[in-house]
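These are the residues of each chain, in order.
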Amino acid sequence: METTKCLIIGSGPAGYTAAIYASRANLSPVLYEGEQPGGQLTITTEIENFPGYPDGVDGYEMMEQLRRQAARFGADMRQGKVTSIDLSHRPFVATIDDGASTIAAEAVIVATGASARYLGLEDETKFRGRGVSACATCDGFFYRGKVVAVVGGGDTACEEASYLSNLASKVYMIVRKDYLRASKVMQKRVFDTPNIEVLFNTNTVGLFGSQGVEGAHLVRYKGTPQEEMFDIAIDGFFLAIGHKPNTEFLDGQLELDGSGYIVTKGVGQATSVEGVFAAGDVADPHYRQAITAAGMGCKAALDVERFLLASSDGH
Ligand code: NDP
């Protein structure tokens with residue numbers, strides 16, 4: 001069976017950065033890109049907050065540049081998705097595309113990211129990138145002076161609504177229950193912001209618009225079975241109903257926190273299994289930024305280098 005010293009799973013900023021560092025350290029990493037090469041950033045419009053791009057950069061283009069940088073040092077980037085992995089003993093054995101191939105690895109970096117949750121409405125797909133977004137810090141700037149809605153009542157939704165309230169003229173929060181789940185301090189911030197209006201007991205039924213989003217069809221529950229249908233005019237529709245870390249293929253072999261994120265130990269990126277490291281959104285419930293993911297990818301590759309050195313010394 002093919003063997004690699006360092007297997008990197010995932011191709012967002014964490015995976016590619018890990019590949020840059022691992023290949024420069026002569027670890028000849030093999031990276032599987034997964035279903036969406038480049039990850040979440042390739043579906044955002046423009047990235048304006050990644051240091052080093054004073055004029056902003058297209059998300060797809062930035063990931064392509066990271067990929068090329070990793071390739072320059074010899075990282076072996078491959079199409080394909082790791083669909084399962086055996087972490088019970090080293091070398092670990094990963095299965096690609098449900099059995100199309102297998103590869104053994106001395107060390108593994110899991111950088112599979114997290115996927116934003118969507119409501120599951122057809123209109124979300126129809127208007128994705130044309131008014132529908134799951135990232136206010138990525139796309140909020142395009143809604144300066146406009147009216148937007150944020151779906152969700154957790155900390156993320158409150159944070160996104162607060163962020164957007166500094167850009168947009170008005171922010172609706174669409175909250176399905178009659179209370180916010182967010183922490184008290186975040187709730188206070190929302191309630192103290194005059195241009196945020198919270199619509200409680202409200203769900204989204206659909207979106208409408210010709211080119212992009214122009215409004216949302218909503219339903220408000222006024223006590224069963226009473227309900228009221230109404231529309232709001234909006235230019236942007238932001239989902240903030242949580243993220244789902246992409247960990248299914250691990251099949252419970254790594255310790256996860258209560259929200260499903262991989263738990264890392266100590267100052268580095270080590271996980272509950274020796275020789276397995278995690279980087280980026282799959283292990284980050286707090287920041288979820290391209291720059292933090294890249295930083296974790298760098299740390300994970302350095303951790304792998306030290307781990308392999310220590311294990312070859314017999315430690
Ligand atoms: P949460 O799971 O905390 O909140 C999700 C919100 O989305 C809830 O209000 C939930 O409603 C709502 N929701 C879920 N599914 C649907 C649906 N189908 N339709 C409508 N609404 C829906 O996720 P967050 O991303 O907000 O937070 C994740 C974790 O990260 C939390 O632990 C949070 O505290 C933490 N975090 C902390 C921050 C901070 O401290 N600054 C910032 C951001 C996140 P309901 O309440 O009805 O279930």
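Our structure's up above, just so we're on the same page.
On a predicted model such as this, the values are computed, not experimentally measured, just so you know.

### Regarding the packing of aromatic side chains
Here's step 1: Evaluated as defined, the whole model comprises three aromatic pairs.
Here's step 2: Pairing Phe-277 with Phe-307 gives two aromatic rings, centres 6.0 Å apart and planes at 65°, and the pair type is edge-to-face. With Phe-277 in strand β19 (residues 276–278) and Phe-307 in helix α7 (residues 290–312), this pair connects stretches of sequence that are 30 residues apart.
Here's step 3: You can call Phe-277 buried: its relative accessible area is 5%.
Here's step 4: Owing to a relative accessible area of 12%, Phe-307 belongs among the buried residues under this scheme.
Here's step 5: For Arg-128, the ring lying beneath its charged end belongs to Tyr-118, and the centroid distance is 4.0 Å.

### Let's talk about the nonpolar core
Here's step 1: Leu-7, Ile-85, Val-108, Ile-109 and Val-110 are the most contacted members of the largest nonpolar core, which totals 56 residues.
Here's step 2: Residue contributions to this core peak at eight residues, all from α7.
Here's step 3: Excluding anything up to four places from it in sequence, Ile-109 contacts Cys-6, Leu-7, Ile-8, Ile-9, Ala-18, Phe-277, Ala-279, Ala-300, Ala-301 and Val-304.
Here's step 4: Residues Cys-158, Ala-168, Val-175 and Val-190 belong to the second largest nonpolar core, which totals 20 residues.

### Things to note about helix α2 (residues 59–72)
Here's step 1: The end-to-end C-alpha distance of α2, which contains 14 residues, comes to 20 Å, matching closely the 20 Å that a straight helix rising 1.5 Å per residue would cover.
Here's step 2: For α2, the full list of buried residues reads Gly-59, Met-62, Met-63, Leu-66 and Ala-70. Looking straight down α2, one finds its buried side chains confined to an arc of 95°; they lie on one side. Exposed residues on α2 whose side chains face more than 90 degrees from its buried face are Tyr-60, Arg-68 and Arg-72.
Here's step 3: Its buried side turned inward, α2 meets α1 (13–24), β3 (46–47), β4 (57–58), β5 (76–78) and α7.
Here's step 4: By the N-cap criterion, in which a side-chain oxygen at the helix start approaches the backbone nitrogen of a residue two or three places on, α2 is capped by Asp-58, the distance to Tyr-60 being 3.1 Å.
Here's step 5: Downstream of α2 by one or two residues, Gly-74 has phi in the positive range, about 100°.

### Comments concerning the site of the ligand
Here's step 1: The environment of the ligand is formed by 14 residues, the closest being Gly-153, Asp-155, Thr-156, Arg-176 and Arg-181.
Here's step 2: A distance of 2.6 Å separates an oxygen atom of the ligand from a polar side-chain atom of Asp-155.
Here's step 3: Measuring from an oxygen atom of the ligand, one finds a side-chain N or O atom of Lys-177 at 3.1 Å.
Here's step 4: Compared with its free state, where it exposes 910 Å², the ligand has 72% of that area covered by protein.
Here's step 5: A class-by-class count of the residues in the shell around the ligand yields four nonpolar, five polar and five charged.

### A few points about the pattern of salt bridges
Here's step 1: One pass over the full model with this rule turns up 10 salt bridges.
Here's step 2: A salt bridge links Arg-78 to Asp-76; its shortest N-O distance comes to 2.8 Å.
Here's step 3: Look at Asp-76 and you get partly exposed, because its relative accessible area is 30%.
Here's step 4: As a salt-bridge pair, Glu-255 and Lys-265 come within 2.8 Å of each other at their nearest N and O atoms. Note that Glu-255 is positioned in the loop between β18 (243–245) and β19 and Lys-265 in the loop between β18 and β19, a separation of 10 residues in sequence.
Here's step 5: Salt bridges sharing common partners tie together Glu-2, Asp-76 and Arg-78.

### As for the side chain of Thr-204
Here's step 1: Tracing the sequence through the fold places Thr-204 in strand β14 (residues 202–208).
Here's step 2: Beyond its immediate chain neighbours, meaning those up to four positions away, Thr-204 contacts Leu-119, Leu-121, Val-151, Ile-174, Ala-216, His-217, Leu-218 and Phe-237.

### Details of the sheet that holds strand β11 (residues 147–151)
Here's step 1: The parallel open sheet is built from five strands, whose spatial order is β10-β17-β11-β12-β13. Single-partner strands in this sheet number two, and they are β10 (132–133) and β13 (196–199).
Here's step 2: Direction of pairing for β11 relative to strand β17 (residues 236–239): parallel, over a ladder of four bridges. Pairing of Val-148 across the sheet is with Gly-236, part of β17.

### Notes on the packing of α1 against α2
Here's step 1: Between α1 and α2, the shortest axis-to-axis distance is 8 Å and the interhelical angle comes to 20°. Taken together, the axis directions place α1 and α2 in an arrangement best described as roughly parallel. Judged by the twist between their axes, the crossing of α1 over α2 is left-handed. Contact residues: Pro-13, Tyr-16, Ala-19, Ile-20 and Ser-23 in α1; Met-63, Leu-66, Arg-67, Gln-69 and Ala-70 in α2.
Here's step 2: For the contact of α1 with α2, the per-class residue count stands at seven nonpolar, two polar and one charged.

### Considerations on the pairing of β17
Within a regular strand, the side chains alternate between the two sheet faces.
Here's step 1: Both faces of β17 are covered, namely the face carrying Gly-236 and Phe-238 and the face carrying Phe-237 and Leu-239.
Here's step 2: The pairing of β10 with β17 spans two bridges and is parallel. Bridge assignment links Ser-133 to a residue of β17, and that residue is Phe-238.

About the criteria used
Residues numbered from 1 in each chain as written. Predicted model: local features only at pLDDT ≥ 70, side-chain atom pairs only at ≥ 80, totals over all residues. Heavy atoms only, no water. Phe/Tyr/Trp six-rings, centres within 6.5 Å; stacked < 30°, edge-to-face > 60°. Helix = DSSP H or I, 4+ residues; strand = E, 2+ residues; numbered from the N terminus. Buried < 20%, exposed > 50% of the residue type's maximum accessible area, 1.4 Å probe, protein only. Lys NZ or Arg CZ within 6 Å of the ring centre and 35° of its normal. Core = buried A, V, L, I, M, F, W, Y, C linked by side-chain atoms within 4.5 Å. Contact = heavy atoms within 4.5 Å. Expected span 1.5 Å × (residues − 1). Arc of directions from axis to C-beta. Polar contact = N/O pair within 3.5 Å; in protein donor to acceptor, adjacent residues only side chain to side chain. Near = heavy atom within 4 Å. Areas by Shrake-Rupley, 256 points an atom, 1.4 Å probe, with all protein chains shown as cover. Nonpolar A, V, L, I, M, F, W, Y, C, P; charged D, E, K, R; others polar. Salt bridge = Lys/Arg side-chain N within 4 Å of Asp/Glu carboxyl O. Pairing = 2+ DSSP bridges. Axes fitted to C-alpha atoms, helices over the stretch in contact; angles between N-to-C directions. Parallel < 35°, antiparallel > 145°, perpendicular 65-115°, else oblique. Left-handed = near helix turned anticlockwise from the far one by under 90°.

Shape descriptors only; they carry no functional weight alone.
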